[in-house]
Amino acid sequence: MATLTGAQLISTGKMHAGILANTEELEKTAVKAGLASGDLVYPLLYAPELLKKEFNSKVADMKNSVKDRSNAQCSCAGHFIESHIDPNYEGGWLHVDMAGPGTKAERGTGYGVGLVLSLVEAPGFDER
């Protein structure tokens, strides 16, 4: 979970975090958890096979910024994080880009606490 990109604001606005999940099941679980907790989320484009080239570099394994900022920049940021997950890991993973709902008037909103509690089915947050 990160306040990763200003591009999230363009993708999903100030009230919904953008989420990137490697399975449809986890994506749906996150959306339901957002609705249950009030920390709303909206799925981003998951297409590593199309976006990986954005990180090509002549001098490194990969760049940490995209070549084309108009090419699904928020999704690319999530794929950058994904590229650092152990290739042998076979489980689900979820990236939450909360730049928009995470702050208001340069202050933290507390966004994400309820979402995480709902995702882990904490008491009081486990009714999806």
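For the structure itself, consult the block above.
Residues numbered from 1 in each chain as written. Predicted model: local features only at pLDDT ≥ 70, side-chain atom pairs only at ≥ 80, totals over all residues. Heavy atoms only, no water.

S.K.: I would appreciate a short explanation of the overall build of the chain in the present structure.
M.R.: Helix and strand content of the chain: 5 helices and 5 strands. Sequence-ordered secondary structure for the chain, helices as α and strands as β, is α-β-α-β-α-α-β-β-β-α. Classification of the 128 residues of the chain by burial places 33% in the buried group. The long-range share in the chain, meaning contacts at least 24 apart out of those at least 6 apart in sequence, stands at 66%. Accessible area of the chain: about 8,000 Å², with a carbon and sulfur share of 53%. (Helix = DSSP H or I, 4+ residues; strand = E, 2+ residues; numbered from the N terminus. Buried < 20%, exposed > 50% of the residue type's maximum accessible area, 1.4 Å probe, protein only. Contact = heavy atoms within 4.5 Å. Areas by Shrake-Rupley, 256 points an atom, 1.4 Å probe, with all protein chains shown as cover.)

S.K.: For this particular structure, what's the right way to read the nonpolar core?
M.R.: One broad rule of soluble globular proteins: the nonpolar side chains tend to lie buried together. Grouped together as the largest cluster of nonpolar side chains are 9 residues: Ala-17, Ile-19, Ala-30, Ala-33, Val-41, Val-96, Met-98, Tyr-111 and Leu-115. Residue assignment for this core shows that the elements contributing at least two residues are β1 (17-21) and α2 (24-37). Among residues more than four places away in sequence, those in contact with Val-41 are His-16, Ala-17, Ile-19, Ala-30, Val-31, Tyr-111 and Leu-115. Judged by nonpolar contacts, the second largest core, of 5 residues, contains Ala-7, Leu-44, Cys-74 and Trp-93. (Core = buried A, V, L, I, M, F, W, Y, C linked by side-chain atoms within 4.5 Å.)

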